[in-house]
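# Chains, contacts and geometry: an overview
So you can see what is in the structure, the chains are spelled out below.
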Amino acid sequence: MLGATIAGVAHRAFSSAPIASPQPAARDPFRRQLSSIEAEAGGRLGVFAMDTVSKRTLSYRADERFLMCSTFKGILAAQVLARVDRAEERLNRLVRYSKTDLIFTSPVTKANVARGAMSVGDLCRAVLEESDNTAAVLLMRSAGGPAALTAFVREMGDTVTRSDRYEPASNSYSGLLDTTTPRAITTLAGTLLLSNALTAESRALLERGMVNCKPGRNRVRAVLPSDWRAADRPGTSVDEETNDYALVRPVGRPPLLVAVYYDAPGVSMNTREAVLRKAGESFVQWATSAA
């Protein structure tokens, strides 16, 4: 209960400052850019970005729901680290598994399956850095399943984001299941990475794992200025969805948060990633226009 109280206070401290009123779309050049990107490529594009000090925002379909896909893995790692903070989990605890547990896109757990077990800390790194799906399933099972992850999100003050299924089922649309919004995931990321919802050590582990993330580097990160450091968590549904959210640290400026979610059935992966890069370019222009 104390953890929930602390998290709630942290979320309010991060998210309750006044938000700059958005301009009408017709007068907002960055929203016009995003609308043009969406119209040219097809599909549905959602973007939300925030300057964490001024609370200035960029918003386009920011309150529409999108599948999380593997973007949930950053939240899952945070849930595990919160359990460590509360002495309910240990990073050195071994989680046993075998070949029968392996699912698609599991490079780390597959490479270590002969050992028969991996530590919680190593599974967290596999989830954050390699987007290892088996590691995510093992961690989620040990932490109470999708319902417990949703409960954790609610403790963090997020009333929108929800986890309902394990992978691979969670990568397919079924009503509201396993969805978030760009605004919700951005605010949640700020709570987890920039407030006292986690201990300083756990925040550092979470951000470091996201900085070292290998998948998705052809998305928003690819268009950031070379001296901006990004900690991101991508997500992908092979058939239709390509997502990314990030904590971005420009040199000499307060941190920025950004989420880009793109749902486009029938559009190729290369095109979807190109859309995320174009949206990322709009984000950079928006961010630097107020620098």
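Please read these numbers as outputs of a predicted model, since none were measured by experiment. (Residues numbered from 1 in each chain as written. Predicted model: local features only at pLDDT ≥ 70, side-chain atom pairs only at ≥ 80, totals over all residues. Heavy atoms only, no water.)

We now examine the packing of helix H3 (residues 72–85) against helix H6 (residues 133–142). Viewed as axis vectors pointing N to C, H3 and H6 meet at an angle of 40 degrees, and their least axial separation amounts to 10 Å. With respect to their mutual orientation, H3 and H6 come out oblique. For H3 against H6, the interelement crossing comes out left-handed. Side by side, H3 and H6 meet where Phe72, Lys73, Leu76, Val80 and Arg83 of the first sit next to Asn133, Ala136, Leu139, Met140 and Ser142 of the second. Taken together, the residues of the contact of H3 with H6 break down into six nonpolar, two polar and two charged. (Axes fitted to C-alpha atoms, helices over the stretch in contact; angles between N-to-C directions. Helix = DSSP H or I, 4+ residues; strand = E, 2+ residues; numbered from the N terminus. Parallel < 35°, antiparallel > 145°, perpendicular 65-115°, else oblique. Left-handed = near helix turned anticlockwise from the far one by under 90°. Contact = heavy atoms within 4.5 Å. Nonpolar A, V, L, I, M, F, W, Y, C, P; charged D, E, K, R; others polar.)

What follows covers the sheet that holds strand E8 (residues 241–249). As a general point, the strands of a sheet are linked pairwise by backbone hydrogen bonds and lie either parallel or antiparallel. Pairing within the open sheet is antiparallel, and its five strands lie in the order E2-E1-E9-E8-E7. The sheet is open, and its two edges are formed by strand E2 (57–60) and strand E7 (229–237), each paired on a single side. Ignoring strand direction, the axes of neighbouring strands in this sheet form an average angle of 10 degrees. Pairing of strand E1 (residues 44–51) with strand E9 (residues 256–263) involves eight bridges; the strand directions are antiparallel. Paired with Arg44 across the two strands is Asp263, which belongs to E9. Taken strand by strand, helix H2 (residues 29–41) contacts E1, E2 and E9, and its axis lies near 30 degrees from that of E2. (Pairing = 2+ DSSP bridges.)

Across the 11 residues of helix H5 (residues 120–130), eight count as buried, placing the element largely inside the fold. Turning to H5, its buried residues are Val120, Gly121, Leu123, Cys124, Ala126, Val127, Leu128 and Glu129. Ser131 sits one or two positions beyond H5 and adopts a positive phi of about 55 degrees. (Buried < 20%, exposed > 50% of the residue type's maximum accessible area, 1.4 Å probe, protein only.)

Taken as a whole and judged by the stated rule, the model has 19 salt bridges. For Asp263, the salt bridge identified is with Arg44, shortest N-O distance 3.7 Å. Of the two residues, Asp263 is situated in strand E9 and Arg44 in strand E1; the sequence distance between them amounts to 219 residues. Among the charged side chains, a salt-bridge network with shared partners connects Glu38, Arg44, Arg61, Glu64 and Asp263. (Salt bridge = Lys/Arg side-chain N within 4 Å of Asp/Glu carboxyl O.)

Turning to the packing of aromatic side chains, a few remarks are in order. Under the counting rule described, the total for this entry stands at two aromatic pairs. Ring geometry for Phe66 against Tyr261: centres 6.1 Å apart, planes inclined by 55 degrees, an arrangement best described as tilted. Pair noted here: Phe66 is in strand E3 (residues 66–67) and Tyr261 is in strand E9, with a separation of 195 residues, a long-range link. A residue is classified by how much of its surface remains accessible, and Phe66, at 0% relative accessible area, is buried. The class of Tyr261 is buried, set by a relative accessible area of 0%. (Phe/Tyr/Trp six-rings, centres within 6.5 Å; stacked < 30°, edge-to-face > 60°.)

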